[in-house]
2 protein chains.
Amino acid sequence: MPVPTVVEVLSAVFQIGPTDECADTSTLRVLLRRIDDAWSLPGGGIDADEKLSDTVRHLLIAQTDERSVRHLEQLAVFSDPHRVAGSRTIASTYLGLVPSDAPPATPSAAAWHDVNSLPPLAFDHAKIVDAARHRLAAKLSYTNIAFALAPAEFPMSELSEIYGAALGYPVDTTNLLRILSRRGVIAATGTVRRNGRGGGRPPALYRFVDAELRVTDEFATLRPPL
Amino acid sequence: MPVPTVVEVLSAVFQIGPTDECADTSTLRVLLRRIDDAWSLPGGGIDADEKLSDTVRHLLIAQTDERSVRHLEQLAVFSDPHRVAGSRTIASTYLGLVPSDAPPATPSAAAWHDVNSLPPLAFDHAKIVDAARHRLAAKLSYTNIAFALAPAEFPMSELSEIYGAALGYPVDTTNLLRILSRRGVIAATGTVRRNGRGGGRPPALYRFVDAELRVTDEFATLRPPL
């Protein structure tokens, strides 16, 4: 006998942004909506005629006004029988990424929060944010997923700041450039950033080669024959 | 208003095995159960008090008698509104792996099928098998996931046959040894296989260093500081 079940979708949407209005340092932020006195991930019940990923996008826009998600992937199903009291509620969760230079949304009851100082979250949403952070950190190390966090063009110092903020520890800019170039993940645009603050040589600009997720380091020996 | 929904779990469980009883070549096989005249993936409705991964394991044993799953991970949620006629049925799917030397189960109404010559499958189960094959192929290239397909100890020729069967094209044994050794994925046991067929030097045996999934090639520069 099928058990009566409620299915909800929830999305952990990340962006790299300043730690606060005046700060010069970046951090990983997650988009939360306020419901009464609690903060929760965007999401909710599903629609009868939609795929879940479409429902995720619709709810995200309706609840947070955020329209700049560049990458969205299934994260995991959270199915602990007691995660929501009262009814068996299964959450199909998503990881979303917004580029750091996306136009700010003007959410009514939503806000970006530094993942390192989150308010108490509803239900098991803190666990979902944790799982999303781990997925992002893992994929930074074997995919080109940072394309969805970075602006279209960037100096390497900015990209290493994005990696560092997403990982939670500093990343060496020179090594990052070497690895990502060698693997064909990024390429120089051939141009420099014009509006340098202060003096010095204007930095070279780079871009991601692909705008879709791909594994960047398949064992060469495991590639399919041409 | 939450939509009345049925949640089911389905698992695509793979094993490398002979293409047929007498064959000397290996292939990737998936475990299917027969319901009336159709073949389908093991699975079914969920239990009120269980996490979905537990339900997957219970249903797998009940339906196929297979108890040797060494690795089980969430695959994806299949949520097309029309995937099952009549009611909104959402499938939370899993990828399972059984080592090639696991004791054969004695299933009543289940059988291993070569993924390259599947019978017609129920609903969207063929799509689920496809997604599981792609996930496995991808993870073979950046994780140690083959630990769950291989016996505890193996000559390299056997491991490259496992990779080849899982990927669908031949893999060079020497290159495979070089890459997996360098990355610390496998190690020599220091012993050789005694019961060689025919003549020649008995082959050196290897084992997987870890018996849990891990990413084998994180960018060194992205590793957390010690």
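Each value, and the rule that gives it
Residues numbered from 1 in each chain as written. Chains lettered and ligands numbered in written order. Predicted model: local features only at pLDDT ≥ 70, side-chain atom pairs only at ≥ 80, totals over all residues. Heavy atoms only, no water. Helix = DSSP H or I, 4+ residues; strand = E, 2+ residues; numbered from the N terminus. Rg over C-alpha atoms; globule rule 2.2 N^0.38 Å. Buried < 20%, exposed > 50% of the residue type's maximum accessible area, 1.4 Å probe, protein only. Contact = heavy atoms within 4.5 Å. Areas by Shrake-Rupley, 256 points an atom, 1.4 Å probe, with all protein chains shown as cover. Lys, Arg positive; Asp, Glu negative; His and termini not counted. Charge placed at Lys NZ, Arg CZ, Asp CG, Glu CD. Pairing = 2+ DSSP bridges. Salt bridge = Lys/Arg side-chain N within 4 Å of Asp/Glu carboxyl O. Phe/Tyr/Trp six-rings, centres within 6.5 Å; stacked < 30°, edge-to-face > 60°. Polar contact = N/O pair within 3.5 Å; in protein donor to acceptor, adjacent residues only side chain to side chain. pLDDT = per-residue confidence, 0-100. Axes fitted to C-alpha atoms, helices over the stretch in contact; angles between N-to-C directions. Parallel < 35°, antiparallel > 145°, perpendicular 65-115°, else oblique. Nonpolar A, V, L, I, M, F, W, Y, C, P; charged D, E, K, R; others polar. Expected span 1.5 Å × (residues − 1).

### Examining the overall build of chain A
- Across its full length, chain A carries 4 helices and 9 strands.
- Reading the secondary structure of chain A in the N-to-C direction produces β-β-β-β-α-β-β-β-α-α-α-β-β.
- In summary, chain A has a C-alpha radius of gyration of 19 Å against a globular reference of 17 Å for 226 residues, a match within 12%.
- Referenced to the eigenvectors of the C-alpha coordinate spread, the extents of chain A come out at roughly 65 × 50 × 30 Å.
- Residues counted as buried form 50% of the 226 residues belonging to chain A.
- For chain A, the share of sequence-separated contacts (at least 6 apart) that also reach a separation of at least 24 residues comes to 66%.
- Roughly 10,800 Å² of accessible area belongs to chain A as shown, and the carbon and sulfur atoms make up 51% of that amount.
- Counting 23 positive and 26 negative side-chain charges, chain A places the averaged centre of each group 7 Å from the other.

### What to know about the sheet that holds strand S9 (residues 186-192) of chain B
Residues and elements named next belong to chain B.
- Taken together, 3 strands build an open sheet; the order of strands is S8-S10-S9 and the sheet is antiparallel. On the outer flanks of this sheet lie strand S8 (154-155) and S9, each paired with one strand and no other.
- Relative to strand S10 (residues 204-208), S9 is paired through 4 bridges, and the arrangement is antiparallel. Following the sheet pairing, Ala188 is matched in S10 by Tyr206.

### Some details on the pairing of strand S2 (residues 26-35) of chain B
All names here are of chain B.
- Counting buried residues along S2, 7 of its 10 residues qualify, which places the element largely inside the surrounding structure.
- With 5 bridges joining them, S2 and strand S7 (residues 110-114) adopt antiparallel strand pairing. Paired with Arg29 across the bridge in S7 is Asp114.
- Of the strand pairs in this sheet, S2 and strand S3 (residues 38-40) are connected by 3 bridges, and their pairing is antiparallel. Residue pairing in the sheet places Ile35 in a bridge with Ala38 of S3.
- Between S2 and the antiparallel strand that follows it, S3, lie 2 residues; Asp36 among them carries a positive phi value of about 50°.

### What to know about the pattern of salt bridges
- For the structure on display, the rule yields 14 salt bridges over all chains.
- One network of salt bridges, in which partners are shared, links Glu8, Arg83 and Asp124 of chain A.

### Structural notes on the packing of aromatic side chains
- Under the definition given, this model contains 3 aromatic pairs over all chains.
- Residues Tyr142 of chain A and Tyr142 of chain B carry aromatic rings whose centres are separated by 3.8 Å and whose planes lie at 20° to one another, so their mutual orientation is stacked. Here Tyr142 of chain B lies in helix H2 (residues 125-142) and Tyr142 of chain A lies in helix H2 (residues 125-142), a pairing that spans two chains. In this pair, the class of Tyr142 of chain A matches that of Tyr142 of chain B, namely buried.
- Judged by centre distance (5.6 Å) and plane angle (50°), the rings of Phe154 of chain B and Phe208 of chain B are tilted.

### What about the side chain of Glu66 of chain A?
Residue and element names in this part refer to chain A.
- Within the secondary structure, Glu66 is located in the loop between helix H1 (52-64) and strand S5 (71-78).
- No salt bridge is formed by the buried Glu66; the nearest opposite charge belongs to Arg29, separated by 7.6 Å.
- In this structure the side chain of Glu66 is engaged in a polar contact, spanning 3.1 Å, whose partner is the backbone nitrogen of Ser68.
- Setting aside its immediate chain neighbours within four residues, Glu66 contacts Leu31, Leu60, Ile61, Val98, Ala105 and Trp112.

### Comments concerning unusual backbone geometry
- Non-glycine residue Asp36 of chain A carries a positive phi angle of around 55°.
- Considering the arrangement of structural elements, one finds Asp36 of chain A in the loop between strand S2 (26-35) and strand S3 (38-40).
- Asp36 of chain A sits in the exposed class, given a relative accessible area of 68%.
- The backbone of Phe123 of chain B shows a phi angle near 45°, a positive value even though the residue is not glycine.
- Within the secondary structure, Phe123 of chain B sits in the loop between S7 and H2.
- Judged by its relative accessible area of 57%, Phe123 of chain B falls in the exposed class.

### Re the confidence of the model for chain A
All names here are of chain A.
- Averaged over every residue, the pLDDT of chain A is 90; the share at 70 or more is 92%.
- Put simply, helix H4 (residues 173-182) is where chain A has its lowest mean pLDDT, 93, and S5 is where it has its highest, 98.
- Two numbers describe this predicted complex: its pTM, 0.91, and its ipTM, 0.87.

### A look at the packing of H2 of chain A against helix H3 (residues 156-167) of chain A
Residue and element names in this part refer to chain A.
- Direction vectors running N to C along H2 and H3 enclose 140°, while the axes themselves pass 9 Å from each other. Judged on the interaxial angle alone, H3 and H2 are oblique. Across the interface between the two elements, Leu136, Ala137 and Leu140 of H2 pack against Tyr163, Ala166 and Leu167 of H3.
- In terms of residue class, the contact of H2 with H3 is made up of 6 nonpolar, no polar and no charged.

### A short note on the environment of Asp49 of chain A
- Tracing the sequence through the fold places Asp49 of chain A in the loop between strand S4 (43-45) and H1.
- Accessibility expressed as a relative area gives 61% for Asp49 of chain A, which makes it exposed.
- Residues contacting Asp49 of chain A, with those up to four places away along its chain left out, are Pro81 and Arg88 of chain B.

### Section: H3 of chain A
All names here are of chain A.
- Look at H3: 16 Å from first C-alpha to last across 12 residues, which is about the 16 Å you get at 1.5 Å a residue.
- Of all 12 residues in H3, 9 are buried, a share of seventy percent or more.
- Met156, Leu159, Ser160, Ile162, Tyr163, Gly164, Ala165, Ala166 and Leu167 are the residues of H3 that are buried.
- Tucked inside the fold, the buried residues of H3 contact strand S1 (6-18), S2, H2, H4, strand S8 (186-192) and strand S9 (204-208).

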